[in-house]
Amino acid sequence: MQYKAYTLHNFRNLPQIAKLSKEQQKSIEVVGSVLPFKTNNYVVEQLIDWSNIPNDPLFITTFPQKEMLKPEDYKKIEALYDSGADSQAIKEAANEIRLRLNPHPAGQLQYNMPIFEGEKLFGIQHKYSETVLFFAAQAQICHAICTFCFRWPQFAGMEELKISTREIELLAHYVKAHPEITDVLFTGGDPLIMKAELLAGYIEPLLSKDIPHLRTIRIGTRALTYWPYKFVTDNDADILLNLFKKVRKSGKHLAFMAHFNHPVELETDVVKEAIGKILETGAMIRTQSPILRHINDSSESWAELWRRQVALNCIPYYMFVARDTGPQEYFHIPLAEIWQIFRKAYNSVSGLCRTVRGPVMSCLPGKVQVLGVAEVRGEKVFVLRMIQGRNSDWVHRPFFAAYDENAAWFDDLKPAFGEEKFFFQDELDSILMPGEKEPVY
Ligand SMILES: *Cc1c(COP(=O)(O)O)cnc(C)c1O
């Protein structure tokens, strides 16, 4: 199948759009002017159930919805359209709204970018000691864009917020100089938007014998959901699969970190075939997804997602809480409810599905897991732990936050038992003091 993208400029050419009301069509345009919008022929033809509009989860996954903007913001952009304003005026109004949507949550820009031999490495994030993230310049887009994407500013034309680099040599150099690094995680956007030959240019230098401490290449991708043909019929499919084999032959683990939100994404013949081909190379597929209102906010949906993954030889890995950015209010679910959904789903599946860890918030101090709600000496609390921490000594220590039925993100939580701060707060402050105290590697 030939890939075809649909964006603001051509979505009206899709015959399926005629099924939407005029109001719905307009809202795609209005919201799509602020938040990035891109879908494709596979999503439209094989994933979305057009008899289930507007509630279809895969429709909501790529098509902007009116409620994703605050009513006053929506009205503002709508009025510009109605008055025939030019694209520059719309862009300016959109930018003003975007800047209010917390475009870089969890200190991604300020705190995670290492300095190496006096140079800032714009394409690298190094937050946890074992794993570095790498953002290849050519991977800063995806086969389709999720409406809830937490990296949405990269795709919304806010150029100054882009994180990317071409400098693969610097990456290899950096990894070599840091024996604590065992994993390099290629992310984006989607690294598999790149032609296989280009991706090979990034990965192969890391396979050399003189970086023995590097054990794992990870690829964070949504290609299995948005373009499984990449592994089956695209003209670089064989080169890509051979690259995976090469990673394995070098003695390293290839961890394919696949993002699936909903069981429907695992239902088509082509995705099953693609998974089979990836696994044949010796790579392993681990799966992760945020939990989102309107898309996968039920325990049945999660239990089925994990069961299908295991049936297809994929390993459930993370359930994330949606970050506090972009149209978060549309998608967010209170932590207490998320925990109930997680628990009910987890309780109803085999132990082989219970490799999943969650619900997890990737926030400033680390990856914080909500273990549950409990009562300690008459006080209702959230029991939390870190699965990753800026300081690895924080990991796996239980700690407690006061129960708050509306809390939807880590920043909404306060320490339990009347304490002033969480146990890691002073150390976190000393790591993160602005200016002089950026972590230096
Ligand atoms: C999640 C994450 C990682 C990887 O963590 P694992 O628990 O090893 O999967 C690495 N870096 C950052 C910034 C992350 O958010």
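Residues numbered from 1 in each chain as written. Predicted model: local features only at pLDDT ≥ 70, side-chain atom pairs only at ≥ 80, totals over all residues. Heavy atoms only, no water.

Peer 1: Sorry, what's going on with the nonpolar core here?
Peer 2: Nonpolar side chains tend to gather and get buried jointly when the protein is soluble and globular. Judged by nonpolar contacts, the single largest core of 131 residues is most densely connected at F63, L171, L224, F231, M361, F410 and L413. The element contributing the most residues to this core is helix α15 (residues 335–347), with seven residues. Two domains each donate at least three residues to this core, and these are domain 1 (5–98) and domain 2 (105–436). If you look at the next biggest cluster of nonpolar residues, it comprises ten residues, including L133, L185, A255 and F320. (Core = buried A, V, L, I, M, F, W, Y, C linked by side-chain atoms within 4.5 Å. Buried < 20%, exposed > 50% of the residue type's maximum accessible area, 1.4 Å probe, protein only. Helix = DSSP H or I, 4+ residues; strand = E, 2+ residues; numbered from the N terminus. Domains from an automatic or database assignment.)

Peer 1: Just to check I follow, could you spell out the packing of aromatic side chains for this structure?
Peer 2: All chains considered together, the criterion is met by 29 aromatic pairs. Note on W50 and F63: the rings are 5.8 Å apart at their centroids and 80 degrees apart in plane angle, and the pair reads as edge-to-face. Within this pair, whereas W50 is found in the loop between α2 (41–47) and α3 (57–62), its partner F63 is found in the loop between α3 and α4 (71–82), the two being separated by 13 residues in sequence. F63 shares its class with W50; the two are buried. (Phe/Tyr/Trp six-rings, centres within 6.5 Å; stacked < 30°, edge-to-face > 60°.)

Peer 1: What is the right way to look at the pattern of salt bridges in this model?
Peer 2: Where charged atoms from two side chains of opposite charge approach closely, those side chains can pair. For the coordinates displayed, the defined rule picks out 20 salt bridges. Across the pair K66 and E23 runs a salt bridge whose closest N-O atoms are separated by 3.0 Å. Residue K66 is found in the loop between α3 and α4, and its partner E23 is found in helix α1 (residues 22–32); the two are separated by 43 residues along the sequence. Residue class for K66 comes out partly exposed when judged on its relative accessible area of 33%. Look at E23 and you get partly exposed, because its relative accessible area is 41%. (Salt bridge = Lys/Arg side-chain N within 4 Å of Asp/Glu carboxyl O.)

Peer 1: Teacher, can you tell me more about the side chain of R222 here?
Peer 2: Within the fold, R222 resides in the loop between β8 (216–221) and α10 (223–226). Only 2.8 Å separates the side chain of R222 from the backbone oxygen of H259, close enough to count as a polar contact. A polar contact of 2.7 Å, which involves the side chain of R222, links it to the side chain of N261. Beyond its immediate stretch of four places on either side in the chain, R222 contacts T61, C146, F148, D190, H259, F260, N261 and E265. (Polar contact = N/O pair within 3.5 Å; in protein donor to acceptor, adjacent residues only side chain to side chain. Contact = heavy atoms within 4.5 Å.)

Peer 1: Would you explain empty space enclosed by the protein in this entry?
Peer 2: One water molecule sets the probe size; rolling that probe over the atoms shows where empty space is left. This structure, assessed with the given rule, holds one cavity of 30 Å³ or more. In this structure, the largest cavity encloses a volume near 40 Å³. Forming the walls of the largest cavity are F260, T287, Q288, S289, W302, L305, W306, Q309, P316, Y318 and V356. Elements with a minimum of two residues in the lining of the largest cavity: β10 (284–291), α13 (299–311) and β11 (315–321). Of the residues forming the lining of the largest cavity, the biggest block, four residues, is contributed by α13. (1 Å grid on protein atoms, 1.4 Å probe; cavity = no way out; pocket = protein on both sides within 12 Å on 5 of 7 lines; lining within 4 Å. Points joined across faces, edges and corners; volume = space filled by probe spheres on them.)

Peer 1: Got a minute to help me understand unusual backbone geometry in this structure?
Peer 2: Among all residues except glycine, the phi angle is most often negative; among peptide bonds, the trans geometry is most common. Looking along the chain, the bond that leaves I53 and enters P54 is cis, with omega of 10 degrees. In this structure, the amide linkage connecting G358 to the following residue, P359, adopts the cis form with an omega of -15 degrees. Mapped onto the secondary structure, P359 falls in strand β12 (residues 357–362). Even without a glycine there, the phi angle at H294 is positive, about 75 degrees.

Peer 1: Would you mind going over the packing of α13 against α15 with me for this structure?
Peer 2: Any two packed helices are characterised by the angle at which their axes cross and by the distance between the axes. Running from amino to carboxyl end, α13 crosses α15 at an angle of 45 degrees, the nearest separation of the two axes being 8 Å. The angle between α13 and α15 places the two elements in the oblique class. Note on packing geometry: the crossing formed by α13 with α15 is right-handed. The segment α13 lies against α15, with S299, E300, W302, A303 and W306 engaging I341, F342, K344, A345 and Y346. Looking at the contact of α13 with α15 residue by residue, the classes come out as seven nonpolar, one polar and two charged. (Axes fitted to C-alpha atoms, helices over the stretch in contact; angles between N-to-C directions. Parallel < 35°, antiparallel > 145°, perpendicular 65-115°, else oblique. Left-handed = near helix turned anticlockwise from the far one by under 90°. Nonpolar A, V, L, I, M, F, W, Y, C, P; charged D, E, K, R; others polar.)

Peer 1: Explain the sheet that holds β12 here, please?
Peer 2: Whenever strands of a sheet pair, they do so through backbone hydrogen bonds, lying parallel or antiparallel. Taking strand neighbours across the sheet as the criterion, the eleven strands line up as β5-β6-β7-β8-β9-β10-β11-β12-β13-β14-β15 in an open arrangement whose pairing is mixed. For this open sheet the edge positions go to β5 (124–128) and β15 (399–402), each flanked by a neighbour on one side alone. This sheet shows a mean twist of 30 degrees between the axes of neighbouring strands, independent of strand direction. Pairing of β10 with β11, which is carried by six bridges, proceeds in the parallel orientation. In the sheet register, I291 faces β11, and the bridge partner there is V321. Strands β10, β11, β12, β13 (366–376) and β14 (379–389) of the sheet are contacted by α15, whose axis makes an angle of about 155 degrees with β12. (Pairing = 2+ DSSP bridges.)

Peer 1: Please explain helix α8 (residues 168–176) as it appears in this structure.
Peer 2: Because each turn of an α-helix spans 3.6 residues, side chains separated by three or four positions in sequence point in the same direction. Every buried residue belonging to α8 is among I168, L170, L171, A172, Y174 and V175, and all of these are buried. Looking at the buried side of α8, the elements it contacts are β3 (115–116), β4 (119–120), β5, β6 (131–135), β7 (183–187) and α9 (196–203).

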